[in-house]
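Here is what each chain is made of, one letter per residue.
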Amino acid sequence: MVVVRKAVQEDLDDVAKIYEHIHVEEERGAISTGWIKNIYPVRKTATDSFERNDLFVMQDEGKTVAAAIINKVQVPCYIEAAWKHSAEKNEVMVLHTLVVEPSEKRKGYGRSFVAFYEAYAEKNGCRELRMDTNAVNLNARAMYRKLGYEEIGIVSCEFNGIPNVRLVCLEKYIGCPDCGNTVGD
């Protein structure tokens, strides 16, 4: 059974291992995320988000297969993005650092995690969904497009200690909680 839940202390090792496995795949040339080993993401990324209570893990039959950070924190370079939908800060939910264990790819975990994120945002009164990815991460960009996210622009910045990132900003409007318009309308 697949379940997504808030991370507990015991999940940090599993999340850090996923980060490491992604870095190994990047070094092999098997994937392209634009992340850099020992810079981002690292165990401290998981630990900091756990301490903020915004780290989530996905488990399948008790095995951690994916993780992400979900909160209302928009990264500073988002201010440069030309968002199509305006929303108050408390109405915007952001998905950060979505990772799927490389040995578990192509099983729908990424799509399922995004579906959880959307439901979580709606449950928490957020009508505007935002996320980002490195421009070189073509797999993530394709998945997000298929899931209805629009690339609204690319911002050049230093991102989480990685210089010269071309950050693709994506958004999806899921409706106005007060007027009844929701996902799928």
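Computed from a predicted structure; not experimentally measured.

A. Representation of the overall build of the protein chain in the model. Per the secondary structure count, the protein chain includes 4 helices and 7 strands. Reading the secondary structure of the protein chain in the N-to-C direction produces β-α-α-β-β-β-α-β-α-β-β. Taken over C-alpha atoms, the radius of gyration comes to 16 Å for the protein chain, in line with the 16 Å a tight globule of 185 residues would show. When the backbone C-alpha atoms are referred to their principal axes, the protein chain occupies close to 45 × 40 × 30 Å. Scored against the burial criterion, the 185 residues of the protein chain give a buried share of 47%. The long-range fraction of contacts in the protein chain, counting pairs at least 24 apart against all pairs at least 6 apart in sequence, stands at 67%. Of the roughly 9600 Å² that the protein chain leaves accessible, carbon and sulfur atoms contribute 49%.

B. A look at the environment of Phe-50. Residue position: Phe-50 is located in helix 2 (residues 43–52). Overall, Phe-50 belongs to the partly exposed group, its relative accessible area being 23%. Ignoring sequence-local partners within four residues, the contact set of Phe-50 consists of Ala-7, Val-8, Gln-9, Leu-12 and Leu-55.

C. Inspection of the pattern of salt bridges at higher detail. Scanning the entire structure with this criterion turns up 14 salt bridges. For the salt bridge of Lys-44 with Asp-48, the shortest nitrogen-to-oxygen distance reads 3.0 Å. Separated by 4 residues within a single helix, Lys-44 and Asp-48 lie in helix 2, roughly one turn from each other. The class of Asp-48 is partly exposed, set by a relative accessible area of 28%. Measuring nitrogen to oxygen at the nearest pair gives 2.5 Å for the salt bridge that ties Lys-84 to Glu-150. With Lys-84 in the loop between strand 3 (63–71) and strand 4 (92–100) and Glu-150 in strand 6 (residues 150–159), the pair connects residues that are 66 residues apart, well separated along the chain. Of the residues examined, Glu-150 reaches a relative accessible area of 35% and is grouped as partly exposed. Several salt bridges converge on common partners, so that one network encompasses Lys-63, Glu-104 and Lys-107.

D. Fine view of the layout of surface pockets. Computed from the structure, the largest pocket encloses a volume of approximately 1200 Å³. Leu-98, Val-99, Asn-137, Ala-140 and Tyr-144 are the residues nearest the centre of the largest pocket, which is lined by 46 residues in total. Listing elements by their share of the lining of the largest pocket, those giving two or more residues are helix 2, strand 3, strand 4, helix 3 (109–123), strand 5 (128–134), helix 4 (138–146) and strand 7 (162–173). Here the lining of the largest pocket is composed, by residue class, of 24 nonpolar, 14 polar and 8 charged. In this structure, the second largest pocket occupies an estimated 200 Å³ of space.

E. The side chain of Thr-33, seen in detail. Relative to the elements of secondary structure, Thr-33 occurs in the loop between helix 1 (12–28) and helix 2. Since its relative accessible area comes to 9%, Thr-33 is described here as buried. A distance of 3.1 Å separates a polar side-chain atom of Thr-33 from the backbone nitrogen of Trp-35. Once residues within four sequence positions are removed from consideration, Thr-33 is found in contact with Ile-22, Glu-26, Asn-134, Val-136 and Asn-137.

F. Inspection of the sheet that holds strand 5 at higher detail. In space, the 7 strands of this open sheet follow the order 1-2-3-4-5-7-6, with mixed pairing throughout. Single-partner strands in this sheet number two, and they are strand 1 (2–6) and strand 6. In this sheet, neighbouring strand axes are inclined to one another by 30° on average, regardless of whether the strands run parallel or antiparallel. Summarising the sheet, strand 4 and strand 5 pair through 4 bridges and their orientation is parallel.

Criteria and thresholds
Residues numbered from 1 in each chain as written. Predicted model: local features only at pLDDT ≥ 70, side-chain atom pairs only at ≥ 80, totals over all residues. Heavy atoms only, no water. Helix = DSSP H or I, 4+ residues; strand = E, 2+ residues; numbered from the N terminus. Rg over C-alpha atoms; globule rule 2.2 N^0.38 Å. Buried < 20%, exposed > 50% of the residue type's maximum accessible area, 1.4 Å probe, protein only. Contact = heavy atoms within 4.5 Å. Areas by Shrake-Rupley, 256 points an atom, 1.4 Å probe, with all protein chains shown as cover. Salt bridge = Lys/Arg side-chain N within 4 Å of Asp/Glu carboxyl O. 1 Å grid on protein atoms, 1.4 Å probe; cavity = no way out; pocket = protein on both sides within 12 Å on 5 of 7 lines; lining within 4 Å. Points joined across faces, edges and corners; volume = space filled by probe spheres on them. Nonpolar A, V, L, I, M, F, W, Y, C, P; charged D, E, K, R; others polar. Polar contact = N/O pair within 3.5 Å; in protein donor to acceptor, adjacent residues only side chain to side chain. Pairing = 2+ DSSP bridges. Axes fitted to C-alpha atoms, helices over the stretch in contact; angles between N-to-C directions.

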